[in-house]
Amino acid sequence: MTTVIDGKAVAADVVAKVRVAADELIASTGVTPGIAVVIVGQDPASQVYVSSKGKKAKECGFHSVEHALPAETTESDLVALIQKLNADPAIHGILVQLPLPDHIDAGRIIQTISADKDVDGFHFTNVGKLGTGELDTAFVPCTPAGSMLLIERAIGRDLSGLNAVVVGRSNIVGKPMANLLLNANATVTVAHSRTKDLPALCRTADILVAAVGRPEMIKGDWVKPGATVIDVGINRLDGGANGKSKLVGDVDYAGAAEQAGAITPVPGGVGPMTIALLMANTVASAYRTAGKSAPRF
């Protein structure tokens, strides 16, 4: 029987533990974890994400602030706001919602955020820490961190002797995912658009992570029997005649589920984990600021 990995349940467990950790920090030090979310412009999807993050922060007992800026905000004004948030002792996590308007250099903005408040895990300092295995002090990007937690819950933390294939080499998911798997002792291959005979490579994977942004690209016969399949993709397909669209992953779920030992659904798999791990990173930042060891989730 294939195990369907319930991301909603795991995310709820993480959020509950974050709330306990936040309450304990407040009680012992008087420090309330604080998160600031910055959005520039009126992108509808970004507004939904920002709203969800704000609600989850309040659920965790955080001090939560939102800065909604007009689309014509200048890069220098955005930099000034981030520098102000960097200096604010009540803020432990800063998140700038992407994408930004074309006239703003997203790379510059990300690197302006203090590495100690970079709860998205995109600052070069955190990227370097992850790449060199300094996970105790790194902020890991939330989607791969959440994916890794699902793998741990399914098959354990020590992945010695297992082959992992990550399909996708983005800085946000693919590369950090590969580093996390390496840190857990898996043997890792990163595949991408230039990889030859991708189906054959995928069939070698005990752990297969799909993060390419192409709907149902990974077919069922690409999956090794018994493999753990983590589908990071979220793609909306037109519904055709009935007009209803549907969400699908980067994996052909029906076909892959016949082969896999464990698999994440879309929706309800990796998606809920991203916001949960954002909350975990924020409470960890608050603990470090207070001179206490950050909890593990």
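Residues numbered from 1 in each chain as written. Predicted model: local features only at pLDDT ≥ 70, side-chain atom pairs only at ≥ 80, totals over all residues. Heavy atoms only, no water.

## Observations concerning the overall build of the protein
Scanning the protein from N- to C-terminus turns up 10 helices and 11 strands. Its C-alpha atoms give the protein a radius of gyration of 19 Å, near enough to 19 Å, the size a compact globule of 297 residues would have. Along the three orthogonal principal directions, the C-alpha set of the protein runs to about 50 × 45 × 35 Å. Counting across all 297 residues of the protein, residues that qualify as buried make up 48%. Taking as baseline every contact in the protein between residues at least 6 positions apart, the subset at least 24 positions apart corresponds to 69%. (Helix = DSSP H or I, 4+ residues; strand = E, 2+ residues; numbered from the N terminus. Rg over C-alpha atoms; globule rule 2.2 N^0.38 Å. Buried < 20%, exposed > 50% of the residue type's maximum accessible area, 1.4 Å probe, protein only. Contact = heavy atoms within 4.5 Å.)

## Let's talk about the environment of Pro101
Looking at the secondary structure, you find Pro101 in the loop between strand E4 (93–96) and helix H4 (106–112). Looking at Pro101, the relative accessible area reads 18%, which means it is buried. In this structure, the C-alpha to C-alpha distance between Pro101 and Ser64, residues 37 residues apart in sequence, is 24 Å. For Pro101, the contacting residues outside a window of four places in its chain are Val40 and Ala71.

## Regarding the sheet that holds strand E11 (residues 262–263)
Strand pairing in a sheet relies on backbone hydrogen bonds. The paired strands run either parallel or antiparallel. Read across the open sheet, the 6 strands follow the order E1-E11-E8-E7-E5-E6; overall the sheet is parallel. Edge strands, defined here as strands with exactly one partner in the open sheet, are strand E1 (3–4) and strand E6 (187–191). Here strand E5 (residues 163–167) pairs with strand E7 (residues 207–210) via 4 bridges, running parallel. Residue Ala164 lies in a different strand from E7, and its bridge partner there is Ile207. Strand contacts of helix H6 (residues 142–155): E7 and strand E8 (228–231), with the helix running at about 155° to E8, the strand carrying the most contacts. Taken strand by strand, helix H7 (residues 174–183) contacts E5, E6 and E7, and its axis lies near 170° from that of E5. (Pairing = 2+ DSSP bridges. Axes fitted to C-alpha atoms, helices over the stretch in contact; angles between N-to-C directions.)

## Description of helix H3 (residues 75–86)
Relative to the 16 Å expected for 12 residues at 1.5 Å per residue, H3 spans 16 Å between its end C-alpha atoms, a close match to the ideal helical length. Considered for burial, the residues of H3 that qualify are Glu75, Leu78, Val79, Leu81, Ile82 and Leu85. Viewed along the axis of H3, the buried residues span an arc of 160°, placing them on a single side of the element. (Expected span 1.5 Å × (residues − 1). Arc of directions from axis to C-beta.)

## Some thoughts on unusual backbone geometry
Cis peptide bonds are those with omega within 30 degrees of zero, and the linkage from Leu98 to Pro99 qualifies with 5°. Looking at the element boundaries, Pro99 is found in the loop between E4 and H4. Here Val266 and Pro267 are connected by a cis peptide whose omega angle stands at 0°. For Pro267, the location among the structural elements is in the loop between E11 and helix H10 (271–289).

## Considering the environment of Ser160
Looking at the secondary structure, you find Ser160 in the loop between H6 and E5. A C-alpha to C-alpha distance of 29 Å links Ser160 and Val18, two positions 142 residues apart in sequence. Sequence-distant contacts of Ser160, that is, excluding residues within four places in its chain, are made with Ala184 and Asn185. Within the local environment of Ser160, its side chain forms a polar contact with the side chain of Asp158, the two groups lying 2.6 Å apart. (Polar contact = N/O pair within 3.5 Å; in protein donor to acceptor, adjacent residues only side chain to side chain.)

## Here's the deal with the pattern of salt bridges
Going through the model one piece at a time under the given rule, you end up with 8 salt bridges. Here Arg19 ties to Asp23 by a salt bridge, and the two come within 3.2 Å at their closest N and O atoms. Residue Arg19 and its partner Asp23 are both found in helix H1 (residues 7–29); the two are separated by 4 residues, about one turn of the helix. On the accessibility criterion, Asp23 (36% relative accessible area) is partly exposed. As a salt-bridge pair, Asp206 and Lys224 come within 2.8 Å of each other at their nearest N and O atoms. (Salt bridge = Lys/Arg side-chain N within 4 Å of Asp/Glu carboxyl O.)

## Considerations on empty space enclosed by the protein
Evaluation of the coordinates by the stated rule reveals 1 cavity of 30 Å³ or more. There is about 40 Å³ of room inside the largest cavity. Around the largest cavity, the lining residues are Val96, Ile110, Ile113, Asp118, Asp120 and Phe122. Its residues assigned to classes, the lining of the largest cavity shows 4 nonpolar, no polar and 2 charged. (1 Å grid on protein atoms, 1.4 Å probe; cavity = no way out; pocket = protein on both sides within 12 Å on 5 of 7 lines; lining within 4 Å. Points joined across faces, edges and corners; volume = space filled by probe spheres on them. Nonpolar A, V, L, I, M, F, W, Y, C, P; charged D, E, K, R; others polar.)

## As for the packing of aromatic side chains
Under the criterion given, the structure shown has 0 aromatic pairs. Seen from the ring of Phe139, Arg288 lies directly overhead, with NZ or CZ sitting 4.6 Å from the centre. (Phe/Tyr/Trp six-rings, centres within 6.5 Å; stacked < 30°, edge-to-face > 60°. Lys NZ or Arg CZ within 6 Å of the ring centre and 35° of its normal.)

## Comments concerning the sheet that holds strand E3 (residues 63–69)
Within the open sheet, the 3 strands sit side by side as E3-E2-E4. Their pairing is parallel. Each edge of the open sheet is held by one strand with a lone partner, namely E3 and E4. When strand polarity is set aside, the average angle formed by the axes of neighbouring strands in this sheet is 15°. Where strand E2 (residues 34–40) meets E4, 4 bridges bridge the pair, whose relative direction is parallel. Its bridge partner being in E4, Ala36 is matched across the sheet by Ile94.

Distances and angles like these do not, on their own, reveal function.
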